[in-house]
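# Structural description and commentary
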Amino acid sequence: MADPLEEMYQAYKEPIFRYLRNMCRSRTIAEELTHDTFIKAFKGYGRFRGESSLKTWLFKIARNTYLNEAGKFSRKNEIPFAEPELQSKGITRNIDTEMMIKQTLQRLSEKERSLLVLREQGFSLNEMAEILNQTEGNIKVGIHRAKKKFKEFYLEGEEDRR
């Protein structure tokens, strides 16, 4: 019989890593945060009560791990996660567009970025509400506002590049 922790790791390591990489823009830091997320999950697995899905529980741990790390940098007055990296594996967008999207995402608040990244990764409103400790109504409004702000920032950047 397979180890449930190993199965959990294999099933969710890539989605967790992608989420964290989109949040912090650094492959290296995202790898460290992914590792920290799974260490916390393995340690807390015995306390997982199944009140939410395993996926939701893991992403909540990942988000809290990210927030804790970002908080450490901001308390030191350092610029967190400033290392831009481009990973366009199989994506048809060109490198300039990819960079523009990543830069635009970084201009959003952590909450707005989380909303867009989680939604883009296919999370339901209910799952997002659970991860972010909000109501589904707040999630819907937040997504709408985050998309609007993203569009404004993106278009500003397009104008600046001309």
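Residues numbered from 1 in each chain as written. Predicted model: local features only at pLDDT ≥ 70, side-chain atom pairs only at ≥ 80, totals over all residues. Heavy atoms only, no water.

## Here's the deal with the overall build of the protein
Helix and strand counts for the protein stand at seven helices and zero strands. Going from the N terminus to the C terminus, the protein shows its helices and strands as α-α-α-α-α-α-α. For the protein, the residues scored as buried account for 41% of the 162 residues in total. Within the protein, residue pairs in contact and separated by at least 24 positions form 66% of the contacts whose partners lie at least 6 positions apart. Total accessible area on the protein stands at roughly 9,700 Å², and carbon and sulfur atoms take up 49% of it. (Helix = DSSP H or I, 4+ residues; strand = E, 2+ residues; numbered from the N terminus. Buried < 20%, exposed > 50% of the residue type's maximum accessible area, 1.4 Å probe, protein only. Contact = heavy atoms within 4.5 Å. Areas by Shrake-Rupley, 256 points an atom, 1.4 Å probe, with all protein chains shown as cover.)

## What about the confidence of the model for the protein?
Here the protein averages 82 in pLDDT, and 81% of its residues register 70 or above. Mean pLDDT values for the elements of the protein range from 79 in helix α4 (residues 95-107) up to 93 in helix α2 (residues 27-44). (pLDDT = per-residue confidence, 0-100.)

## Topic: the packing of aromatic side chains
If you walk through the whole model with that rule in mind, you get six aromatic pairs. When the ring of Tyr-19 is compared with that of Phe-59, the centres are 5.6 Å apart and the planes differ by 65°; the resulting orientation is edge-to-face. Separated by 40 residues along the polypeptide, Tyr-19 in helix α1 (residues 4-24) and Phe-59 in helix α3 (residues 54-75) bring together distant segments of the chain. Residue Tyr-19 is classed as buried on the basis of its relative accessible area, which comes to 0%. Taking relative accessible area as the criterion, Phe-59 reaches 1% and is therefore assigned buried. Ring plane angle 15° and centroid distance 6.1 Å describe the contact between Phe-150 and Tyr-154, whose orientation is recorded as stacked. Taken together, the residues Phe-150 and Tyr-154, both in helix α7 (residues 136-161) and four residues apart, mark about one turn of the helix. On the basis of relative accessibility, which here comes to 18%, the residue Tyr-154 falls in the buried class. Pairwise contacts between aromatic rings join Tyr-9, Phe-38 and Phe-42 into one cluster. Cation over ring: Lys-55 sits above Phe-123, and NZ or CZ is 4.4 Å from the ring centre. Note that Arg-107 overlies the ring of Phe-153, its terminal NZ or CZ placed 4.0 Å from the centroid. (Phe/Tyr/Trp six-rings, centres within 6.5 Å; stacked < 30°, edge-to-face > 60°. Lys NZ or Arg CZ within 6 Å of the ring centre and 35° of its normal.)

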